[in-house]
Amino acid sequence: MHNRTVTHRGSAIRASLLLLMPVLLCAAPPANAPKAKTEFLFHAVVPLGVDGFKFRDAHQTMFLLVTAFNSQFEGLRRIVDRGQRKVVDAGGAPVSWYPESVTFRITASTRLKLIDVDQWPATTAGLDMNRYLLGLRFRVRVFHGLNQRVLRPQAVQMIGMPADVSYDERIYRATFRLEKIPVSDRVVFEVLSPRGERLSRFHLDLE
């Protein structure tokens with residue numbers, strides 16, 4: 001009687017294991033499953049690019065250099081995992097949102113000579129280059145599917161040479177409050193001329 005009870009319990013355990021095997025096999029990744037590939041590693045300062053403009057009426061060339069800054073960018077990674085693009089932090093945890101604010105640093109210079117950068121035709125509309133550089137404006141466009149919205153800067157600070165000193169280079173810090181923006185949205189930083197026309201745009205895409 002005792003032996004039959006042991007045998008019966010052993011059969012029950014084996015039956016339970018057989019029922020669990022498909023679940024365990026589905027939960028465990030295949031031995032040859034591809035590992036997640038890192039597409040881009042972010043740092044606190046994110047270079048967004050360089051753009052050039054040839055002002056024929058002023059016989060000068062202006063270059064724009066733009067970076068984005070937030071300490072929360074440090075260590076973020078854009079990965080591709082099983083065909084899906086994701087953003088994870090330094091520890092591998094998923095990231096769902098952009099930082100609540102981002103500061104863009106903009107260098108607008110006519111003193112730089114960058115021969116490898118394309119130069120687009122532009123006009124000063126009668127302004128001298130010093131006044132033109134002082135009159136640059138900034139905005140951010142956020143694209144969510146087919147919808148978009150425009151953000152104005154929370155603060156703009158000019159650093160370096162004072163505004164009352166004529167100079168051929170101006171450096172700005174423009175801070176924008178992004179609030180809750182999913183990492184799947186597109187964030188585009190735009191530089192506008194003193195007349196409000198868009199000169200250039202720079203993409204800050206996490207995902």
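In this report, the structure presented in the accompanying data block is examined.

### Some points on the nonpolar core
Okay, so step 1: Judged by nonpolar contacts, the single largest core of 40 residues is most densely connected at Met62, Phe104, Phe189 and Leu204.
Okay, so step 2: Elements represented by at least two residues in this core include exactly strand 2 (45–55), strand 3 (60–69), strand 6 (101–109), helix 2 (129–134), strand 8 (137–144), strand 11 (169–177), strand 12 (186–192) and strand 13 (198–204).

### Some details on the pairing of strand 13
Okay, so step 1: Bridge count between strand 12 and strand 13: six bridges; the pairing is antiparallel. Its bridge partner being in strand 13, Glu190 is matched across the sheet by Arg201.

### Re the sheet that holds strand 12
In sheet architecture, strand pairing relies on hydrogen bonds along the backbone and comes in two forms, parallel and antiparallel.
Okay, so step 1: Judged by pairing direction, the sheet is antiparallel, and its four strands sit side by side in the order 9-8-12-13 without closing on themselves. The open sheet is flanked by strand 9 (147–151) and strand 13, the only strands paired with a single partner. Neighbour-to-neighbour, the strand axes of this sheet turn through a mean angle of 25 degrees, independent of strand direction.
Okay, so step 2: Judged from the seven bridges that link them, strand 8 and strand 12 form a sheet pairing that is antiparallel. Looking at the pairing, Val140 lines up with Phe189 of strand 12.

### Quick word on the packing of aromatic side chains
Okay, so step 1: Per the counting criterion, the structure on display carries seven aromatic pairs.
Okay, so step 2: Each ring, one from Phe55 and one from Tyr132, has its centre 5.0 Å from the other, and the planes form 70 degrees; the classification is edge-to-face. In this pair, Phe55 sits in strand 2 while Tyr132 sits in helix 2, placing the two residues 77 residues apart along the sequence. This pair shows no difference in class: Phe55 is buried, exactly as Tyr132 is.
Okay, so step 3: Counting every residue linked through ring pairs, the aromatic cluster contains Phe104, Phe138, Tyr172, Phe176 and Phe189.
Okay, so step 4: Lying across the ring of Phe143, Arg186 places its NZ or CZ 4.7 Å from the centre.

What counts as what
Numbering of residues starts from 1 in each chain and follows the order in which that chain's sequence is written. Reporting of local features is limited, given that this is a predicted model, to residues whose pLDDT is at least 70; pairs of side-chain atoms are given and counted only at 80 or more, and all residues count toward the totals for whole chains, interfaces and linings. Excluded from the side-chain calculation are hydrogens and water; included are all heavy atoms of the structure. To qualify as a nonpolar core, a set must consist of buried Ala, Val, Leu, Ile, Met, Phe, Trp, Tyr and Cys residues joined through side-chain atoms within 4.5 Å. Under the scheme applied here, a residue whose accessible area is under 20% of the maximum for its type counts as buried, over 50% as exposed, and between as partly exposed, the area being computed with a 1.4 Å probe on protein chains only. Strands here are runs of E lasting at least two residues and helices are runs of H or I lasting at least four, both read from the DSSP assignment and numbered beginning at the N terminus. Two strands qualify as a pair provided DSSP detects at least 2 bridges between them. Only the stretch in contact is used when a helix axis is fitted, and all axes are lines through C-alpha atoms; the angle between N-to-C directions ranges over 0 to 180 degrees. Here is the rule: rings of Phe, Tyr and Trp (six-membered ring for Trp) pair when centre to centre is within 6.5 Å. Planes less than 30 degrees apart are stacked, more than 60 are edge-to-face, and the remainder are tilted. By definition, being over a ring means that NZ of Lys or CZ of Arg is both within 6 Å of the ring centre and within 35 degrees of the ring normal.

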